[in-house]
Amino acid sequence: MVELSAPVDVRIAPLETVEQVFAASAVLSEVWGGDRSGMPPNLLRALAHSGNYAVGLYDGDLMIGASVAFFAAPSARSMHSHITGILPPYRGHELGRALKQHQREWALARDVGQITWTFDPLVARNAHFNLRVLGTRVTEYLVNQYGPMDDGVNRGDESDRIMVTWVLAAPPVPTPDDADVVATVRVPPDVEALRKESPREAAAWRLRVREEFDECRLEGLVCRGFDDERGYLFVRP
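Residues numbered from 1 in each chain as written. Predicted model: local features only at pLDDT ≥ 70, side-chain atom pairs only at ≥ 80, totals over all residues. Heavy atoms only, no water.

K.L.:
Sorry if this is basic, but what is going on with unusual backbone geometry here?
P.N.:
Across residues other than glycine, the phi torsion is negative in most instances, and most of the peptide bonds are trans. A positive phi angle, close to 65°, is found at Glu 94, a residue other than glycine. With respect to the helices, strands and loops of the structure, Glu 94 is situated in the loop between strand 5 (78-86) and helix 3 (95-108). (Helix = DSSP H or I, 4+ residues; strand = E, 2+ residues; numbered from the N terminus.)

K.L.:
Any chance you could explain the packing of aromatic side chains here in plain terms?
P.N.:
For any pair of aromatic rings, the description consists of the separation of the ring centres together with the inter-plane angle of the planes. Applying the stated rule across the entire model yields 7 aromatic pairs. Between Phe 71 and Trp 106, the ring centres sit 5.8 Å apart and the planes meet at 25°, which makes this aromatic pair stacked. Here Phe 71, found in strand 4 (residues 62-71), pairs with Trp 106, found in helix 3; they are 35 residues apart in sequence, far enough to count as distant. Between Phe 213 and Phe 234, the aromatic rings sit 5.1 Å apart at their centres with planes inclined by 75°, giving edge-to-face as the arrangement. A residue pair is termed long-range when its members are at least 10 positions apart, and Phe 213 in helix 6 (residues 199-218) and Phe 234 in strand 11 (residues 231-235) qualify at 21 residues. Overall, the relative accessible area of 7% leaves Phe 213 in the buried class. (Phe/Tyr/Trp six-rings, centres within 6.5 Å; stacked < 30°, edge-to-face > 60°. Buried < 20%, exposed > 50% of the residue type's maximum accessible area, 1.4 Å probe, protein only.)

K.L.:
Even after reading the chapter, I still don't get helix 1 (residues 18-31), so can you show me in this structure?
P.N.:
Because each turn of an α-helix spans 3.6 residues, side chains separated by three or four positions end up pointing in the same direction. Between its terminal C-alpha atoms helix 1 stretches 20 Å, which fits the 20 Å expected from 14 residues at 1.5 Å a residue. Within the sequence span of helix 1, burial applies to Val 21, Ala 24, Ser 25, Val 27, Leu 28, Ser 29 and Val 31. The inward-facing, buried residues of helix 1 abut helix 2 (41-49), strand 4 and strand 5. Looking one or two residues past helix 1, Gly 33 carries a phi angle of roughly 70°, positive in sign. (Expected span 1.5 Å × (residues − 1). Contact = heavy atoms within 4.5 Å.)

K.L.:
I would appreciate a short explanation of the nonpolar core in the present structure.
P.N.:
Taken as a class, soluble globular proteins show a tendency for nonpolar side chains to be buried jointly. If you look at the biggest cluster of nonpolar residues, it comprises 63 residues, and the most contacted ones within it are Phe 213, Tyr 232 and Phe 234. With sequence-adjacent residues up to four places away left out, Phe 234 is seen in contact with Asp 180, Val 181, Val 182, Ala 183, Val 185, Phe 213, Cys 216, Leu 221, Val 222 and Cys 223. (Core = buried A, V, L, I, M, F, W, Y, C linked by side-chain atoms within 4.5 Å.)

K.L.:
I keep staring at the pattern of salt bridges and nothing clicks. Help me out?
P.N.:
Opposite charge on two side chains lets them pair, provided their charged atoms get close. This structure, assessed with the given rule, holds 9 salt bridges. The closest approach of N and O atoms between Arg 195 and Asp 120, which form a salt bridge, is 2.6 Å. Of this pair, Arg 195 sits in helix 5 (residues 191-197) while Asp 120 sits in the loop between strand 6 (114-119) and helix 4 (124-133), and the two are 75 residues apart along the sequence. Pair check on accessibility: Arg 195 and Asp 120 agree, each one buried. (Salt bridge = Lys/Arg side-chain N within 4 Å of Asp/Glu carboxyl O.)

K.L.:
Quick question: what am I supposed to make of the pairing of strand 3 (residues 53-59) here?
P.N.:
It is a general feature of regular strands that their side chains alternate between the two faces of the sheet. In terms of burial, strand 3 is largely enclosed, as 6 of its 7 residues are buried. A loop of 2 residues connects strand 3 with strand 4, the two strands running antiparallel in sequence, and Gly 60 in this loop sits at a positive phi of about 65°. (Pairing = 2+ DSSP bridges.)

Encoded structure:
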């Protein structure tokens, strides 16, 4: 168990009991708009019991977030972070960063050298957090990675994802200098609101970002950062 310094009195603890597993599954379901298929309690219990990373984030006795990751191939010394979620009232207090740092320390203690995960390329706040705050490296653009997703966040949209790799012992990947940026790919400032207000416009953004990422790939460019105004930043390798 790790005590954290944050605007709310929170702690991170492993999911050790069936009750904790069910609570974590319910929290993640609430974060994803009522979806109970993303991390059902039986799967979460199996992952936790077999030694994978499965923790709850607590404010006192109340679970307010959860995070789950599992080991990749042993030779890769890698772990894949599958899902992390925090209830809306507790967002904006750097608790996501606290969870990631806890995950990093947990992984390093088990000789894991890198953590991978995916995120929706249209969600600007996640791009900012993953690329600017944590300094991860974009390693792949995955088209409709999970197929149709029937939850309140993703329903009706295709599940394109960016895969990032966080090399735990290396310094963060820096945002490239302006002189090195040769292409940018913009994203909407708040695609989650846009999906509710204008699903057709949100779908158009999906196709536009997908096509522009592919064009950059065909030109031999690599994504090396994110800017809140310009979007994804591409450089020559």
